[in-house]
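Residues per chain, in single letters:
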Amino acid sequence: MTDDRGVPPTIRPAEPTDVPTLVRFVHDLADYEREPDSCLLTVDHLHEALFGDTPAVFATVAVHDDEVAGAAIWFLTYSTWTGVHGIHLEDLYVSPAHRRHGVARALLAELARTCLRRGYARLEWAVLDWNTPALDFYATLASEPLDGWTTHRVDGPALDALAG
């Protein structure tokens, strides 16, 4: 979890001044995931979600050489089976210049520590089935894919129709 000089990234909660960088990271991730036109996130959206009156989204950042090198954007889940919360990692992104220096692992380790400190039972995330670099990385963490579960989504006109 260090750079070439042996300096680990500083991991901290996101601050309001980080929001433009976080939005750029999300758009970069959308480009990588081949969905750039689907990403509608703005600075105002994310600022409100993270720092508004009722924040329901959280972000943890990795700082190296006084710049945000990576980020984890996450929210709480709840399991009726365990009776406690968990963390769902929505986005994990490390800027290209900071990859392969332990930044992603440091961010995930901090989320794992958050789970343990707060008594949460799970840290989970989704990964695209074609994203081999991410799948290979996650395998080093002893994470396991959830076979037998299929994610469903309702949005756009289907959401309008369901709401009736």
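Residues numbered from 1 in each chain as written. Predicted model: local features only at pLDDT ≥ 70, side-chain atom pairs only at ≥ 80, totals over all residues. Heavy atoms only, no water.

Asker: I tried to follow the pattern of salt bridges on my own but got confused; where do I start?
Answerer: Two side chains that carry opposite charge are able to pair once their charged atoms sit near each other. Under the defined criterion, the tally for this structure stands at four salt bridges. Here glutamate 15 ties to arginine 12 by a salt bridge, and the two come within 3.8 Å at their closest N and O atoms. For aspartate 18, the salt bridge identified is with arginine 12, shortest N-O distance 2.7 Å. Several salt bridges share partner residues, and in doing so they unite Arg12, Glu15 and Asp18 into one network. (Salt bridge = Lys/Arg side-chain N within 4 Å of Asp/Glu carboxyl O.)

Asker: Any chance you could explain the packing of aromatic side chains here in plain terms?
Answerer: Working definition: an aromatic ring pair is given by the centre-to-centre distance plus the angle between the planes. Under the defined criterion, the tally for this structure stands at five aromatic pairs. Here phenylalanine 25 and tyrosine 93 contribute two aromatic rings whose centre-to-centre distance is 4.8 Å and whose plane-to-plane angle is 40°, an arrangement assigned as tilted. Here tyrosine 93 lies in strand S4 (residues 84–94) and phenylalanine 25 lies in helix H1 (residues 19–32), a separation of 68 residues in the sequence. Plain terms: the ring middles of phenylalanine 137 and tyrosine 138 are 5.5 Å apart, the flat faces sit at 50° to each other, and that makes the pair tilted. Here a set of aromatic residues connected by ring pairs shows up, and it is made of Trp125, Phe137 and Tyr138. The aromatic ring of tyrosine 93 is capped on one face by arginine 99, whose charged end is 5.3 Å from the ring centroid. (Phe/Tyr/Trp six-rings, centres within 6.5 Å; stacked < 30°, edge-to-face > 60°. Helix = DSSP H or I, 4+ residues; strand = E, 2+ residues; numbered from the N terminus. Lys NZ or Arg CZ within 6 Å of the ring centre and 35° of its normal.)

Asker: Whenever I open this one, a nonpolar patch on the surface confuses me. Can you help?
Answerer: The grouping of Val154, Leu159 and Leu162 at the surface amounts to a nonpolar patch, some 290 Å² of accessible area in total. Along the chain, leucine 162 falls in helix H5 (residues 156–163). (Patch = residues over 30% accessible without salt bridge, like charges linked within 9 Å, V, L, I, M, F, W, Y side chains within 5 Å. Areas by Shrake-Rupley, 256 points an atom, 1.4 Å probe, with all protein chains shown as cover.)

Asker: Sorry, what's going on with the packing of H1 against helix H2 (residues 43–51) here?
Answerer: In a packed pair of helices, the relevant descriptors are the angle between the two axes and the axis-to-axis distance. Relative to each other, H1 and H2 sit at 115°, their axes nearing to 9 Å. Compared by their axis directions, H1 and H2 come out roughly perpendicular. The handedness of the crossing between H1 and H2 comes out as right-handed. Each of Val19, Pro20, Leu22 and Val23 in H1 lies in contact with H2, whose residues at this interface are Val43, Leu46, His47, Leu50 and Phe51. Partitioned by chemical class, the residues of the contact of H1 with H2 number eight nonpolar, one polar and no charged. (Axes fitted to C-alpha atoms, helices over the stretch in contact; angles between N-to-C directions. Parallel < 35°, antiparallel > 145°, perpendicular 65-115°, else oblique. Left-handed = near helix turned anticlockwise from the far one by under 90°. Contact = heavy atoms within 4.5 Å. Nonpolar A, V, L, I, M, F, W, Y, C, P; charged D, E, K, R; others polar.)

Asker: Just to check I follow, could you spell out the environment of tyrosine 93 for this structure?
Answerer: Taking the relative accessible area as the measure of exposure, tyrosine 93 reaches 9% and is therefore buried. Those residues in contact with tyrosine 93 that sit more than four places away from it in its chain are Phe25, Asp28, Leu29, Ala69, Gly70, Ala71 and Arg99. There is a polar contact of 3.4 Å between the side chain of tyrosine 93 and the side chain of aspartate 28. (Buried < 20%, exposed > 50% of the residue type's maximum accessible area, 1.4 Å probe, protein only. Polar contact = N/O pair within 3.5 Å; in protein donor to acceptor, adjacent residues only side chain to side chain.)

Asker: Looking at this structure, I do not really get the nonpolar core. What am I missing?
Answerer: Within the largest apolar cluster, 18 residues are counted, with the highest numbers of intra-cluster contacts made by Leu22, Leu46, Leu50, Ala59 and Val61. Among the elements of the structure, H1, H2, strand S2 (58–64) and strand S3 (67–79) are those that each provide at least two residues to this core. If you tally residues by element for this core, the top one is H1, at seven residues. Aside from chain neighbours lying at most four places away, what touches leucine 50 is Val19, Leu22, Pro55, Val57, Phe58 and Ala59. Formed by 16 residues, the second largest nonpolar core is a distinct cluster that contains Val94, Ala104, Leu111 and Ala134. (Core = buried A, V, L, I, M, F, W, Y, C linked by side-chain atoms within 4.5 Å.)

Asker: Sorry if this is basic, but what is going on with the pairing of S2 here?
Answerer: For a regular strand, the rule is simple: side chains alternate between the two faces of the sheet. Judged by how many residues are buried, S2 sits mostly within the fold: six of seven residues are covered. Where S2 and S3 come together, seven bridges link them in antiparallel fashion. Note on S3: the bridge partner recorded for histidine 64 is glutamate 67. Counted between consecutive antiparallel strands, the loop separating S2 from S3 contains two residues, among which aspartate 65 sits at a positive phi close to 50°. (Pairing = 2+ DSSP bridges.)

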